[in-house]
Structures are given as C-alpha cells and as structure tokens.
Amino acid sequence: MEYPDGLYYTKDHEWAQEEDGILVVGITDYAQGELGDVVFVELPEEGIVLKAGEPFGVVESVKSVSDLYSPVSGEVVEVNQDLEAEPETVNSSPYDRGWMMKIALSDPKELDKLLSAEQYMEYIKSLK
Amino acid sequence: MYKTVLCQRHIDAGAKMVEFGGWLMPVQYSGVLSEHAAVRERAGLFDVSHMGEIFVSGPDSMRFVDRIVTNSVCNMKNGEIVYSVMCDDEGHTVDDLLVYCMGPQSWLLVVNASNAEKDYNWISTRVQGENVKVLNRSPEFGLLAIQGPKSVGIAAKIMDIPQDLKYYHFCVVEWGGSQLIVSRTGYTGEDGLELMVETGKTVELWDALLEAGKDEGIAHAGLAARDLLRIESGYSLYGHELDEKTDPISAGLSWVVKMNGRDFIGKAALEKLKPARKKIAFTLEGKNIPRQGFIIRAGGKEVGAVTSGTFSPVLQKPIGIGYIAIGGNHTGENLAVEVRGKEIPAAVCKLPFIKPGVKK
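These numbers come from a predicted model, not from an experiment.

Thoughts on the overall build of chain B
Thought 1: Helix and strand counts for chain B come out as 8 helices and 20 strands.
Thought 2: Its C-alpha atoms give chain B a radius of gyration of 21 Å, within 12% of the compact-globule value 21 Å for 360 residues.
Thought 3: Taking the principal axes of the C-alpha coordinates as reference, chain B spans close to 65 × 50 × 40 Å.
Thought 4: Classification of the 360 residues of chain B by burial places 57% in the buried group.
Thought 5: Within chain B, contacts between residues at least 6 apart in sequence are counted, and of these 68% link residues at least 24 apart.
Thought 6: Summed over its atoms, the accessible surface of chain B is roughly 15100 Å², and 51% of this surface lies on carbon and sulfur atoms.
Thought 7: For chain B, the centre of its 40 positive side-chain charges and the centre of its 43 negative side-chain charges are spaced 5 Å apart.

What follows is the structure, encoded as structure tokens:
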C-alpha cells in the first residue's frame, strides 16, 4: 500500500492534491484494496457546488458500495470521464489515472483540517 | 472462529481473509474479476472445507434420509448425488444440501458451513425409533472444489478420474495413499469436481492440484468469486434466497420437492401452501448494483426485496435475484429496484443468467 507524501488525506479514505487552488480528488490505495474490483464510479455534474464532507458520488465494487465525500468545499470543475469506460483504473492507478474530480477550493483554511500521509497511515493502523 | 487447515496457505498466497459462517475464509486473492475469469475460461481452486459432512448409516437409513429431505432418495444408486432441501414441519427451509448415496445403508449429506451444527442437531433429533446412526464428521474432512473447463483434465493428471464420471455422480479415488470422494459437482455453473479428502492430506492435495494446473493457468479462487459465479448461474445461497422463513416452492425449487408416493417432514405444509411471493431474476439498467435488502417496487409500490445481486462480468451489467409478492395489483412488470433513493428500472429474466458450461 502506498500513501504518497504531499497529498492530503481524509478519514473517509479520499486523497487530494492541490494545484493552484484546484484540488484533484480520488480514493486511497487502502480504499481501493478494501473495495476490491471497482465496476462503476458515479461522479457529480461539473459546475455543482459541494460542501466539505458532502457526498459527491458513489463507487461500486463487485463486493460492496461506498459513498465518496468531498474533502473540501467548492465547485466541481472537472470529473474523470475515462472512469465510465474504465472504472478498474481506480484499482490499478488510484493516485494518478484513477482520479475522480477536480474541485475549485473556496476556503483554503479547510486544507488544515485534512490529514498528512503520516497521519493517514497512523489512522489506518488504528482501524486494524 | 474456525479455521480450515489451509488457512496459512491462503494467507501466504496473499488472500484477504474474512469471517464467513463462523469460519475465517479467503474472500479473494488476486481479485474477484480475474478469479471469476479463471473459472469461466480455465480453472479455479476453492477451499470449501468449511462445508459440513454429516453421515447417516444403518439398516433404516434410506427410509430415514428420504423422510428428512424433500427430494426422493429411494431410487438412488451407490455413486449418485441429488440436490435437495430439508424442511421443518411448516415447510420452511432448514438448509439446502447434497445427498450422496454410498450404498443403501450409507449416506453422506454435505451441508452449509453456517448450518452444520444446526443441521446435525435437527437431523439427530428427527430419529423416531429408526435404526440409524447420525454422525457429524465435518472435522475429519477437507473439501476442495476445482472448477472450470480445464479442471477435470488437471485433476486427471494426478489421479485416476473415470472418463465417464457423470454430472452429479461421485467415485472413490486412490490418491497419495488415501481415498478421496470425487464428485462431478460444483457451485459455479462450470464443469468441475469437488474432492473430499481426509483433513491431514488436504494441504498436500491443494498443493498438488495447483502444481498440476500451472500450465493451464489455474487460479486460487475465493468466496467473492464463488458468490459471483453462483449468482450468474442462478444457484440459491442459504441466508439469501433460502432461510427459515422461506419454503422451497416459493424459492423456485419445486423440482427438488417430490410429493408423490412418499412422506417427508414439511410435506403436509407444502401441500396446503399458497405461495405469497415468488423468486425472480432481473437485470438492472445502468451500472448500480442491486444489493441484498434493496426494495423492489412496481409502479412505485413496494412489492419485494433483493436477496442477491452483483455485476456480471459475462453480461457486463448488474444482475439480481429477489422475491416479489404474488397477486396484489401489480403485474410483475414495470419493476424497479430502489438504489439509494432512486428507482432503477429492472427487466425480469430467466435463471440462469448465463449458459452453463456443466456437462449434464
């Protein structure tokens, strides 16, 4: 399991990477491993405005289903359309080609509430 | 929690282990989709040692077994197997099981892991003066299932499998100095075998089958793949399509209930039964997966619930099994499954969802 430094993490197992006020969001290696083979990712409409902690979509694996929660507040500016045809990318490349949405951060202070890679790894350990 | 003797093998192979029916079992190894593909196209090896083995023997054993199961066993010959259910006096399902005829005075019942103790208690307390012996010998045996089009050929490399071993038949095979009960049965819809082996030889047999199937691309297969394969093939699973509130007629299992010229526990109730609901199979529009417990609606009105659902890799769409009420003011058409507040249209279809590969 990999948890790259420099990303933000949530206790709901999303990761986020900031680039110039835009946050790229996906699910962590741990999350994809727990879900198993992903067969469907339901993503929001572009332009929709989300609050931090609000569900923005759903990921269905053969085994189970899980809500996706936005790590921050802001407007969804892009979603990963490739996941419609290739949802398995979430398993094979969770931090890169398996990204899910890009959100324009409305309050940069919200980033302080997110976990670092180190804190997230501690959190996962506490789950076992 | 119970462990099979293969537990460490599963962990070493990278399996994700979960609790199932009181047992710690491998839910998946490489991934449910690749394991499913291996079984449909080549071969997969399952540890099903958690299943229960109950032996019934004695002069009255045929008459006794015939009285506790809904299917008739009186015309069975040594080497034949039937699928059946056991009912209580109300006609509700105690368990579903395979009955092996090992001779007129020797019967083997292979039952669900989660029900093994309940079944043993149920069966042994049904004895009414008959001269029979009921033994729960589950701990003495491991059970492996090798399933898929290449599976019989793989097993035949390491043991003498009779070429003419037919579907739902078994034979006793010598292997490595011990005797195996090898049956042409399974829970995947593919051709394959189930091998019952003494517990102490189970690990050795597991390793030997994996080694023998290397060139054919045999894969370890876990419970998640097993569930996916059985849903595509339309097989019931206790705790989903069957339980202590469900009769076999409503469950679409009339073909294992033989009413004529015999008596069995639950017969009187089943004769009088007017089913209030029926089992249906359906595909779902879109890509949301129907899960156990999701509500089925007809014209907005709740008419039933999903008992099993998954995404079929063969059909490339979500599939499900459930129950709907019979009668009322719905036609059984225009059904929808409620998925997180949304009604997703469902198209009723026949079971199995996919054409079976088994050779009947």
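Picking up where we left off.
A closer look at the side chain of Asn112(B)
Residue and element names in this part refer to chain B.
Thought 1: Checked against the element boundaries, Asn112 lands in the loop between β8 (106–111) and α4 (116–124).
Thought 2: A residue is classified by how much of its surface remains accessible, and Asn112, at 14% relative accessible area, is buried.
Thought 3: A distance of 2.8 Å separates a polar atom in the side chain of Asn112 from a polar atom in the side chain of Asp96.
Thought 4: Excluding residues within four positions of it along the chain, Asn112 makes contact with Met51, Gly52, Asp95, Asp96 and Tyr238.

Considering the pattern of salt bridges
Residues and elements named next belong to chain B.
Thought 1: Under the counting rule described, the total for this entry stands at 24 salt bridges over all chains.
Thought 2: Arg40 is the partner of Glu190 in a salt bridge, and the nearest nitrogen-oxygen pair spans 2.8 Å. Note that Glu190 is positioned in the loop between β12 (178–183) and β13 (192–198) and Arg40 in helix α2 (residues 32–41), a separation of 150 residues in sequence.
Thought 3: With a relative accessible area of 10%, Glu190 lands in the buried category.
Thought 4: Measuring nitrogen to oxygen at the nearest pair gives 3.8 Å for the salt bridge that ties Glu271 to Lys267. One end of the pair is Glu271 and the other is Lys267, both in helix α8 (residues 267–272) and 4 residues apart, which spans about a single turn.

So, the interface of chain B and chain A
Thought 1: With 16 residues of chain B at the interface, the matching set in chain A holds 16 residues.
Thought 2: When the area that chain B buries against chain A is broken down by residue, the three leading residues are Lys287(B), Arg291(B) and Arg340(B), summing to 40%.
Thought 3: Here chain B and chain A share 4 salt bridges between them.
Thought 4: Among the ionic pairs, Lys16(B) bridges to Glu34(A), the shortest N-O distance being 3.3 Å.

Things to note about the confidence of the model for chain B
Thought 1: Confidence in the prediction for chain B averages 96 pLDDT; 99% of positions are at 70 or higher.
Thought 2: Among the scores for the predicted complex, ipTM is 0.86 and pTM is 0.94.

As for the layout of surface pockets
Leftover empty space is mapped by rolling, across the atoms, a probe with the size of a water molecule.
All names here are of chain B.
Thought 1: In this structure, the second largest pocket encloses a volume near 330 Å³.
Thought 2: Considering the residues around the second largest pocket, the lining is formed by 21 residues, among which Tyr2, Trp23, His50, Ser138 and Pro139 are closest to the centre.
Thought 3: Where the lining of the second largest pocket is concerned, the elements lending two or more residues are β1 (2–3), α4 and β10 (141–147).
Thought 4: Here the lining of the second largest pocket is composed, by residue class, of 8 nonpolar, 11 polar and 2 charged.

Comments concerning empty space enclosed by the protein
Residue and element names in this part refer to chain B.
Thought 1: With the rule as written, the count across this model stands at 1 cavity of 30 Å³ or more.
Thought 2: Reported here for the largest cavity is a volume of approximately 30 Å³.
Thought 3: Together, Met25, Pro26, Phe46, Asp47, Val48, Ala221, Gly222, Leu223 and Arg226 line the largest cavity.
Thought 4: For the lining of the largest cavity, the secondary structure elements donating two or more residues are β3 (23–28), β4 (44–47) and α7 (223–232).

Description of the sheet that holds strand β7 (residues 65–69) of chain A
All names here are of chain A.
Thought 1: With antiparallel pairing, 3 strands are arranged side by side in an open sheet as β4-β6-β7. The sheet terminates laterally at β4 (38–42) and β7, the two strands that pair on one side only. Recorded for the sheet is a direction-independent mean angle of 20 degrees between the axes of neighbouring strands.
Thought 2: Two strands pair when backbone bridges link them, and strand β6 (residues 55–61) and β7 are joined in this way by 5 bridges, in the antiparallel orientation.

Conventions we followed
Residues numbered from 1 in each chain as written. Chains lettered and ligands numbered in written order. Predicted model: local features only at pLDDT ≥ 70, side-chain atom pairs only at ≥ 80, totals over all residues. Heavy atoms only, no water. Helix = DSSP H or I, 4+ residues; strand = E, 2+ residues; numbered from the N terminus. Rg over C-alpha atoms; globule rule 2.2 N^0.38 Å. Buried < 20%, exposed > 50% of the residue type's maximum accessible area, 1.4 Å probe, protein only. Contact = heavy atoms within 4.5 Å. Areas by Shrake-Rupley, 256 points an atom, 1.4 Å probe, with all protein chains shown as cover. Lys, Arg positive; Asp, Glu negative; His and termini not counted. Charge placed at Lys NZ, Arg CZ, Asp CG, Glu CD. Polar contact = N/O pair within 3.5 Å; in protein donor to acceptor, adjacent residues only side chain to side chain. Salt bridge = Lys/Arg side-chain N within 4 Å of Asp/Glu carboxyl O. Buried area = accessible area lost by both parts, 1.4 Å probe. pLDDT = per-residue confidence, 0-100. 1 Å grid on protein atoms, 1.4 Å probe; cavity = no way out; pocket = protein on both sides within 12 Å on 5 of 7 lines; lining within 4 Å. Points joined across faces, edges and corners; volume = space filled by probe spheres on them. Nonpolar A, V, L, I, M, F, W, Y, C, P; charged D, E, K, R; others polar. Pairing = 2+ DSSP bridges. Axes fitted to C-alpha atoms, helices over the stretch in contact; angles between N-to-C directions.

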